[in-house]
Amino acid sequence: MTLDLFLQHLSNGISLGSLYALIAIGYTMVYGVLRLINFAHGDIFMMATYFAFFGIVTFRIPWFITFPLVLVLTAALGMTVEAVAYRPIREAPKISILISAIGASFFLENLTIVLFGGVPKPFPAPTLFTDVVQVGTVAIQKLTFYIPIVTVLSLLALLYLINKTKTGMAMRAVSMDQETARVMGININHTIAFTFGLGSFLAAVGGIMWGMKFPQIQPLMGVIPGLKCFIAAVIGGIGNIGGAVIGGFILGIGEIMLVAFLPNLTGYRDAFAFVLLILILLSKPTGILGEKTAEKV
Amino acid sequence: MAAQKNNYRILTIVSLLLLLVFIGFAENHLDLYIVRILNVCAIYAILGMSMNLINGFTGLFSLGHAGFMAVGAYTTALLTIPPAIKAQIFYLAPLIKPLDQMNLPFPVALFVGGLLAAVVGGLIAAPTLRLKGDYLAIATLGFAEIIRVVFTNTQTITNGALGLKGIPALTNLWWSFGAAAFTLVVLLSLINSSYGRALKAIREDEIAAESMGIHLAKHKTLSFVIGAFFAGIGGGLLGNLLGTIDPKMFSFTFTFNILLIIVLGGMGSFSGSIISAFIVTIANEYLRFLDESIKVGMRSVVFSALLMFVVLFYRHGLMGANEFSWERLFGNKVYQKTLGRWTKRPRKGGYAG
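For every chain, the first residue of its written sequence is number 1, and the numbers climb from 1 along that sequence. As they are written, the chains are lettered A onward and the ligands numbered 1 onward, keeping that order. Only residues with pLDDT of 70 or above have their local features reported here, since the model is predicted, and side-chain atom pairs are shown and tallied only from 80 upward, although totals for entire chains, interfaces and linings are computed over all residues. Side-chain measures were taken over the full set of non-hydrogen atoms in the model, leaving aside hydrogen atoms and water.

Details of the overall build of chain B
In step 1: Tallying secondary structure elements over chain B gives 17 helices and 0 strands in all.
In step 2: Atoms counted for the radius of gyration: C-alpha only. Globule rule: 2.2 Å times residue count to the power 0.38. In terms of overall dimensions, chain B is globule-like: its C-alpha atoms have a radius of gyration of 22 Å, near the 20 Å expected for 353 residues.
In step 3: Considering only C-alpha atoms, chain B reaches an extent of 75 × 55 × 45 Å along its principal axes.
In step 4: Considering chain B as a whole, with its 353 residues, one finds that 51% of them fall into the buried category.
In step 5: Intrachain contacts of chain B at a sequence separation of at least 6 include 79% that bridge at least 24 residues.
In step 6: The centroid of the 27 positive side-chain charges in chain B is displaced by 9 Å from the centroid of its 15 negative side-chain charges. Secondary structure is summarised from DSSP: a helix means a run of H or I of at least four residues, a strand means a run of E of at least two, and numbering begins at the N terminus for each. Here's how the labels work: a residue is buried when its accessible area is under 20% of the maximum for its type, exposed when over 50%, partly exposed in between, all with a 1.4 Å probe on protein chains only. Contact criterion: two residues are considered in contact whenever any of their non-hydrogen atoms come within 4.5 Å of each other. The charge count includes Lys and Arg as positive and Asp and Glu as negative, but it does not include His or the ends of the chains. Here the site of a charge means NZ on Lys, CZ on Arg, CG on Asp, or CD on Glu.

This is how it looks when you write it as structure tokens:
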């Protein structure tokens, strides 16, 4: 393999990893406050691409207005899912909440199929992002550079929000101990809703860029990325935002390199993430940055 | 009260005989479409019961059921397809020896399918059962996906994405209902044994169970392997009913359907799983008009909404953790208010028989 080709694969891996990281953050934040896999997260991500599609293609709103609108709408959708599917049974056994999450995920998928049809639609990517630039002998889409930049900026903003603002402090408090946080005067419902909104917002950022990178959207497109990003969050140490980012990059780069170096295994690409997950869970169940907690009786 | 118990026993025997007569009648005289639906009902009952053993009785939230079914379905199909047809199906790459010449009787093939699924279940159990809750869910889901991806890629064994066609239609009502009855008997006797009590103890509180001397890994693996065995049998019956299988069929959606059945019937009730397997399968056919008159996919929307509705407002499902019994049926408030008017109400004091 030549160096050029390697760099091309690497840049691909980095941009894919950035997308995984953005979505994984949503999983990890929700897990932090609720100890729950938000199965519907992948579908919220899918809905974001549909919002963008309708904004640009159907309503002919220019992309620089549509995209912010999509972010807000998706955040609202995430909060709605939380209010309908999770809040009423927050005190129920964990299995019930998980089932409700799976139900919400299937509901969103099937609703999209009914409302928008199962046929894949082309994502209307602005040419500004999809232009190809020559770097030496390598042809790379501009998007490949923008994606990691957007990811890093979002991550910095998020870290500021969580570590420096009052809302962020409330989120950290809720994730540590809900009861005590409530006693300290934190509105648990608002904080959890905000966390869902924030996670969905980032999923929408990821969704828009995903749509531009793989310009075809369909109702089930969120399933596999959703699962993979959850895996990325677990690999990094669930509940830990830095961990989610590391996990996302490991998964994205690893996947691209697997296909690049071992082309015979291309068919097994989607299994790679699961194999990695099982290896991680067996060797270090709390993930790379996770802390070990003992169970209290 | 002894006489009443005797009455109930007679009632049970009569109902079983009626069921046998009905199966005999249905197999020969009913519309093929209805027979097929009944077959699917029984198979879903098997799948529901086996998943309920793992999820409802042992409290292990496993989402790998479709993978076990796939193993059972493929094994049974490969062992029952006649060699001549195998040569036709595998036109991209020939089937490996000695599978290409093998042809076993249906029950043996089913049993082998179940056994292989159980072996796979045991292999998966070893690493994953150290995990809990949602980690376990995602790891088992991952294993099911891995099985599916492997089946898509092993062209010389499973015919890859093309799937298997021309599977002989050996499943009939006798086999499907017989297998369902066998499953019920085995699982009920397991649950009512000391093993079953250990499994329920694990469900209620793992740490407490362990400190009472229950070997967690042993019992969890047992539940997983038995559940996988019956999932394999269910998968085998389904493959030989449908006549064609491919890896896509055994995606997460399939597990979701079984999950809907056990949640609706009640996690921890085999009779609940059977009842809801019939309800869900028949509703699935009955609601076909939604797809035809409104829009394709409407049925799935209804079903996912139903699952959420049940979990949100009616968490214990139809039966909760109770099994069906005549006492419960006749003591039920709804029964007393409707049909119970015409039957003698059991008098207080207990002298009446």
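Considerations on helix α12 (residues 269-283) of chain A
In step 1: To estimate the expected span of a helix, subtract one from its residue number and multiply by 1.5 Å. Look at α12 of chain A: 22 Å from first C-alpha to last across 15 residues, which is about the 21 Å you get at 1.5 Å a residue.
In step 2: Within the span of α12 of chain A, buried status applies to Ala 271, Phe 272, Ala 273, Phe 274, Leu 276, Leu 277, Ile 278, Ile 280 and Leu 281 of chain A.
In step 3: In this fold, the buried residues of α12 of chain A make contact with α10 (223-236) and α11 (241-261) of chain A together with α6 (133-153) of chain B.

Observations regarding the packing of aromatic side chains
The description of an aromatic ring pair uses the distance of the two centres, along with the angle that the planes make with each other.
In step 1: Only rings of Phe, Tyr and Trp enter the pairing, Trp through its six-membered ring, and a pair is recorded when the two centres are within 6.5 Å. The plane angle decides the type: under 30 degrees is stacked, over 60 is edge-to-face, the rest tilted. Taken as a whole and judged by the stated rule, the model has 29 aromatic pairs over all chains.
In step 2: Their ring planes at 55° and their centres at 4.7 Å tell us that Phe 54 of chain A and Phe 116 of chain A sit as a pair that is tilted. In this pair, Phe 54 of chain A is assigned in helix α2 (residues 41-58) and Phe 116 of chain A in helix α4 (residues 94-116), connecting sequence segments 62 residues apart.
In step 3: In this structure an aromatic cluster arises from ring pairing among Tyr 44, Tyr 74, Phe 151, Phe 250 and Phe 254 of chain B.

Things to note about the interface of chain B and chain A
In step 1: Contact with chain B, which involves 41 residues of that partner, is made by 44 residues of chain A.
In step 2: By definition, the buried area sums, over both parts, the 1.4 Å-probe accessible area that each loses when the two are put together. Buried area between chain B and chain A, summed over both chains or domains, comes out near 3700 Å², and the portion from carbon and sulfur atoms is 80%.
In step 3: Summed over the three residues of chain B that lose the most area to chain A, namely Asp 134, Tyr 135 and Ile 138 of chain B, the buried surface amounts to 18% of that side.
In step 4: Only one rule defines a salt bridge in this text: a Lys or Arg side-chain nitrogen within 4 Å of an Asp or Glu carboxyl oxygen. Joining chain B to chain A, the criterion identifies 0 salt bridges.
In step 5: Polar contact is defined as a pair of N or O atoms within 3.5 Å, subject to the rule that within protein one atom must be able to donate a hydrogen and the other to accept it, and that residues adjacent in sequence are counted only when both atoms are side-chain atoms. Run the count over chain B and chain A and you get 2 residue pairs in polar contact (both at pLDDT 80 or more).
In step 6: Within the residue set of the side of chain B that touches chain A, elements represented by two or more residues are α6, α12 (252-265) and α15 (298-313) of chain B.
In step 7: Split by residue class, the side of chain B that touches chain A holds 26 nonpolar, 9 polar and 6 charged. Amino acid classes used here: Ala, Val, Leu, Ile, Met, Phe, Trp, Tyr, Cys and Pro are nonpolar; Asp, Glu, Lys and Arg are charged; the rest, including Gly, are polar.

Thoughts on the nonpolar core
Across soluble globular proteins, you tend to see nonpolar side chains buried next to one another.
In step 1: Only buried residues count toward a nonpolar core. Its members are Ala, Val, Leu, Ile, Met, Phe, Trp, Tyr and Cys residues joined through side-chain atoms within 4.5 Å. Counting residues in hydrophobic clusters, the biggest one holds 185 residues, and the most contacted among them are Ile 25, Phe 39, Tyr 86 and Ile 102 of chain A together with Leu 164, Phe 250 and Phe 254 of chain B.
In step 2: At 14 residues, the largest contribution of residues to this core is made by helix α1 (residues 3-34) of chain A.
In step 3: Every residue in contact with Phe 254 of chain B, bar those within four places of it in the chain, is listed here: Tyr 44, Leu 47, Ala 66, Met 69, Leu 238 and Met 249 of chain B.
In step 4: One finds Ala 26, Val 35, Leu 38 and Leu 173 of chain B within the second-largest nonpolar core, a separate group that totals 7 residues.

Side note on a nonpolar patch on the surface
Residue and element names in this part refer to chain A.
In step 1: Like-charged residues are merged into a patch within 9 Å and nonpolar side chains (Val, Leu, Ile, Met, Phe, Trp, Tyr) within 5 Å, provided each residue has over 30% relative accessible area and no salt bridge. Per-residue and other accessible areas were derived by the Shrake-Rupley procedure at a 1.4 Å probe size, with only the shown protein chains allowed to occlude residues. Side chains of Val 135, Phe 145, Tyr 146, Ile 149, Val 152, Leu 153 and Leu 156 sit close together on the surface and give an oily, nonpolar patch of about 640 Å² of accessible area.
In step 2: In terms of residue count, the dominant contributor to the nonpolar patch is helix α6 (residues 142-164) (6 residues).
In step 3: Among the residues examined, Leu 156 registers a relative accessible area of 53% and is labelled exposed.

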